[in-house]
Amino acid sequence: LLKFAELLKAFVKRPGIILCRFSGNEFALLFPSTNEKERLRIVQQIQQCLFLNKVEDPIFKDLTVSIGSSTIKSISNNSMYQLVDEAFLNLRVNKF
C-alpha cells in the first residue's frame, strides 16, 4: 500500500492536486481545473506507470488496480457526491 501511494505521488506535480487515502486500500487523486481530455491522459499515464512497475518490481506483480475517474464543471455539495459516484461506477470498467 505504501509503495503504491509513493507511485501515485509522482502524479502530484502542480499546485492544488490532492492525493489522499479514501477508504481502506482506495486512494483519490483530485485534479482541480482539469478537463476531460487531460483527465483521460492522466489516467492513461497512471495505467502505463503501474504496468511498467508490475514488470520491473516484484512487489507490484500481484497488484490489481481499478481506476475510476470523472469530471465536473462546477462544484456544489451534490456535484461532489455525483463525481464520486461516477468515479466508483467507472472502477468496475477499468480494472487491470
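Before reading further, recall that the structure is shown in the block above.
We now turn to the structure provided with this report.

Calculation criteria
Residues numbered from 1 in each chain as written. Predicted model: local features only at pLDDT ≥ 70, side-chain atom pairs only at ≥ 80, totals over all residues. Heavy atoms only, no water. Axes fitted to C-alpha atoms, helices over the stretch in contact; angles between N-to-C directions. Helix = DSSP H or I, 4+ residues; strand = E, 2+ residues; numbered from the N terminus. Parallel < 35°, antiparallel > 145°, perpendicular 65-115°, else oblique. Left-handed = near helix turned anticlockwise from the far one by under 90°. Contact = heavy atoms within 4.5 Å. Nonpolar A, V, L, I, M, F, W, Y, C, P; charged D, E, K, R; others polar. Salt bridge = Lys/Arg side-chain N within 4 Å of Asp/Glu carboxyl O. Buried < 20%, exposed > 50% of the residue type's maximum accessible area, 1.4 Å probe, protein only.

**So, the packing of helix 1 (residues 2-9) against helix 2 (residues 36-56)**
What describes two packed helices is the angle between their axes and the distance between those same axes. Relative orientation of the contacting elements helix 1 and helix 2 amounts to 135 degrees, with a least axis distance of 11 Å. Classified by the interaxial angle, the pair formed by helix 1 and helix 2 is oblique. For the element pair helix 1 and helix 2, the recorded crossing hand is right-handed. Residue-level inspection shows Phe4, Leu7 and Leu8 of helix 1 in contact with helix 2, the latter providing Ile46, Cys49, Leu50 and Asn53. When the residues that make up the contact of helix 1 with helix 2 are grouped by side-chain class, the tally is six nonpolar, one polar and no charged.

**As for the pattern of salt bridges**
Per the counting criterion, the structure on display carries four salt bridges. Lys9 is paired through a salt bridge with Glu6; the nearest N and O atoms lie 3.2 Å apart. Of the two residues, Lys9 and Glu6 are both situated in helix 1; the distance of three residues between them amounts to about one turn of the helix. Lys9 sits in the partly exposed class, given a relative accessible area of 46%. A salt bridge links Glu36 to Arg39; the shortest N-O distance between them is 2.5 Å. Here the residue Glu36 and the residue Arg39 both occupy positions in helix 2, the gap between them amounting to three residues, near one helical turn.

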